Amino acid sequence: MGRPRRYLRFPWRSSSRLRADLDEELRFYFDMRTRELVEQGMSDADARREAVREFGDVEYTKRYCLAEDAMSRREERRTDYVAELRQDMMHSWRTFRRSPGFAVIALITLALGIGANTAIFSVVNGLLLRDLPYGEPDRLVRVWGAHKDSGIDRSQLSAGDFMDLRERQHSFAALGAFSWGGGTYIGTGDPIRLSGARVDANVFTALGVRPYLGRTFAVGEDSSGVNPTIVLGFGAWRRVFGGDSAIVGKSVNISGRSSTVIGVLPPTFFFPTMGEAEIFTPLDLTPLLRDVNRIRKFHSLGAIGRLRPGTTVARARAELKGIMAQLERDFPQS
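Caption draft 1: Region of the structure containing the overall build of the protein chain. Regarding its fold elements, the protein chain presents nine helices and 14 strands. Looking at the 334 residues of the protein chain, the share that counts as buried comes to 35%. In the protein chain, once contacts between residues fewer than 6 apart in sequence are set aside, the share between residues at least 24 apart is 71%. As displayed, the protein chain offers around 21400 Å² of accessible surface, 55% of which is attributable to carbon and sulfur atoms.

Pasting the structure below:
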């Protein structure tokens, strides 16, 4: 008797299925690369080790790919929602044409609803949208990479490309890089998982954020020889550390690593691309910049910039596109 068919399936893949698919793709890549190296004369064991070494940080890649896939799924659901809304509107329009009396009542109801929503939006706009927790938010921009071959115009940047962009550009007063990176707080009670981000010192400068306590990262604080530091989000400071006013200067254990708390962010702050971030640690790009296999080909960084006074987004975009065009000529393989 054959295996029963599944007639009902959800339109999206579960997290476990995504991880299984990613593991399968990685196994396929390592198998293919190992076979190529064996054909070049290496033993199976040496070929497998070399394939893994060339690839780089496997676990970090998994986390990054899963995060990107989650973002893609959200975009797909948003697109489906817009399509369904359009279909509902067309159906409603046909109903209105067949029933003019019903249409008049519906229009009056819509007018009342729109008026109420307009009033609510005015309040929200005044209290929230116009009071973003950043200095001069109209000069704050998100910088994306683009992949012409795949048609993706919003992707991450490689470490080498980001450093070249920052050194060659003149449109930004500050341009900072960030990446995903939470951890687990290990204290006297049960371990607590904390979401977070790894950022360089220029990120908080670009955002124009003044800490609630202490300070944010200084340039050079991401170097491997410097004592590890950490900045806490206000929520994590209250929830995990009880709002300890003397927290600055104390050491905390995050994922088995001792880090010194140097600051706490204000209660209104949220990271613009990942609002749930609770802890922030310095972003050290040195390992990527020293790895010839990952410096240009490993796209894992987001970027936030603050435009110089008088500089427009269009002018900044044109300048960055020019720099990237030159990098394409300089590094055609990546």
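Caption draft 2: Just the packing of aromatic side chains, in detail. Within this structure, the stated rule accounts for 14 aromatic pairs. Ring centres 5.8 Å apart and planes at 65° place the aromatic pair Tyr 134 and Phe 270 in the edge-to-face group. Here Tyr 134, found in the loop between α4 (100–129) and β1 (140–143), pairs with Phe 270, found in the loop between β12 (257–264) and β13 (279–282); they are 136 residues apart in sequence, far enough to count as distant. For Tyr 134, a relative accessible area of 9% translates into the label buried. Centre to centre, the rings of Phe 178 and Trp 180 are 6.2 Å apart; their planes meet at 65°, and the pair counts as edge-to-face.

Caption draft 3: Structural view of helix α5 (residues 159–168). In terms of residue burial, α5 counts as a mostly covered element, since seven of its 10 residues are buried. Taken as a whole, α5 has its buried residues at Ala 159, Gly 160, Asp 161, Phe 162, Met 163, Asp 164 and Leu 165. On the buried face of α5, the contacting elements are β4 (157–158), β5 (172–180), α8 (286–290), β14 (299–307) and α9 (313–330).

Caption draft 4: Seen up close, the confidence of the model for the protein chain. With 86% of its residues at a pLDDT of at least 70, the protein chain reaches an overall mean of 82. Element-level mean pLDDT values for the protein chain span from 68 in α4 up to 95 in strand β10 (residues 229–232). pLDDT under 50 marks residues 1–10. Its contacts with residues more than four places away, or in other chains, come to zero contacts.

Caption draft 5: How the structure looks around a nonpolar patch on the surface. There is a patch of nonpolar side chains on the surface, built from Tyr 81, Val 82, Leu 85 and Met 89 and spanning about 430 Å² of accessible area. Tracing the backbone through its elements, the reader meets Leu 85 in helix α3 (residues 58–98). Residue Leu 85 is classed as partly exposed on the basis of its relative accessible area, which comes to 40%.

Caption draft 6: Fine view of the environment of Thr 268. Structurally, Thr 268 is set in the loop between β12 and β13. Among the residues examined, Thr 268 registers a relative accessible area of 55% and is labelled exposed.

Caption draft 7: Up close: unusual backbone geometry. If you check the backbone angles, Glu 136 has positive phi at about 45° while not being a glycine. For Glu 136, a relative accessible area of 48% puts it in the partly exposed group. In this model, Ser 255 sits at a positive phi of 55°, which is unusual for a non-glycine residue. With respect to the helices and strands, the residue Ser 255 is situated in the loop between β11 (251–254) and β12. Taking relative accessible area as the criterion, Ser 255 reaches 47% and is therefore assigned partly exposed.

Caption draft 8: Quick peek at the pattern of salt bridges. According to the stated counting rule, one finds 11 salt bridges in the structure shown. Residue Arg 49 pairs with Asp 46 through a salt bridge whose shortest N-O separation is 2.2 Å. Residue Arg 49 and its partner Asp 46 are located together in helix α2 (residues 44–55), separated by three residues, close to a single helical turn. Taking relative accessible area as the criterion, Arg 49 reaches 53% and is therefore assigned exposed. Put simply, Arg 166 and Asp 200 hold a salt bridge, and the shortest N to O gap is 2.8 Å.

Caption draft 9: Structural context of α2. A rise of 1.5 Å per residue sets the reference length of α2, with its 12 residues, at 16 Å; its end C-alpha atoms lie 17 Å apart and thus fit the reference within 8%. Those residues of α2 lying buried are Ala 47, Ala 51, Glu 54 and Phe 55. Axial view of α2: buried residues confined to an arc of 95°, hence all on one face. Positioned one or two residues after α2, Gly 56 has a phi angle of 100°, which is positive.

Caption draft 10: Region of interest: the packing of α5 against α9. Across the interface, α5 lies against α9 with an axial gap of 10 Å and an inter-helix angle of 130°. Taken as axis vectors, α5 and α9 run oblique relative to one another. Handedness of the α5/α9 crossing: right-handed. Listed contacts from α9 to Asp 161, Asp 164, Leu 165 and Arg 168 of α5 are Glu 319, Leu 320, Ile 323, Met 324, Gln 326, Leu 327 and Asp 330.

Caption draft 11: Here's a closer look at the pairing of β14. With respect to burial, β14 is a largely interior element, nine of its nine residues being buried. As paired strands, β1 and β14 are joined by four bridges and run antiparallel to one another. Its bridge partner being in β14, Val 141 is matched across the sheet by Gly 305. As judged from the two bridges shared by β4 and β14, these two strands associate in the antiparallel manner. Across the sheet, residue Leu 157 finds its bridge partner in β14, namely Leu 301.

The rules we used
- Along each chain, residues carry numbers from 1 onward, in the same order as the chain's sequence is written.
- Where totals are concerned, whole chains, interfaces and linings use all residues; where local detail is concerned, this predicted model gives features only for residues with pLDDT of at least 70, and gives and counts side-chain atom pairs only at 80 or more.
- Side-chain measures here rest on the full set of heavy atoms in the structure, leaving out hydrogens and waters.
- Only DSSP runs of H or I with at least four residues qualify as helices, and only runs of E with at least two residues qualify as strands; both kinds are numbered from the N terminus onward.
- Each residue's exposure class comes from its accessible area (1.4 Å probe, protein chains only) as a fraction of the maximum for that residue type: buried when under 20%, exposed when over 50%, partly exposed otherwise.
- Any two residues whose heavy atoms approach within 4.5 Å at even a single point are treated as in contact.
- With residues, only the protein chains shown are counted as cover, and all accessible areas are computed by Shrake-Rupley using a 1.4 Å probe.
- Only the six-membered ring of Trp is used, alongside the rings of Phe and Tyr, when aromatic pairs are assigned; centres must lie within 6.5 Å, and planes under 30 degrees apart are stacked while those over 60 apart are edge-to-face, with the rest tilted.
- Scored between 0 and 100, pLDDT is the confidence that the predictor attaches to each residue.
- Candidate patch residues must exceed 30% relative accessible area and have no salt bridge, after which like charges are joined if within 9 Å and Val, Leu, Ile, Met, Phe, Trp or Tyr side chains if within 5 Å.
- For this document, the term salt bridge refers to a Lys or Arg side-chain nitrogen within 4 Å of an Asp or Glu carboxyl oxygen.
- Working rule for helices: expected span equals 1.5 Å times residues minus one.
- Throughout, the arc means that of the directions going from the helix axis to the C-beta atoms.
- To define axes, lines are fitted to C-alpha atoms, for helices over the stretch in contact only, and angles between the resulting N-to-C directions are given on a 0 to 180 degree scale.
- Any angle that is under 35 degrees is reported as roughly parallel, and any over 145 degrees as roughly antiparallel; angles of 65 to 115 degrees are reported as roughly perpendicular and all others as oblique.
- Helix crossings are classified by the rotation of the near helix relative to the far one: an anticlockwise turn of less than a right angle makes the crossing left-handed, while a clockwise turn makes it right-handed.
- A pair of strands is treated as paired once DSSP finds two or more bridges between them.

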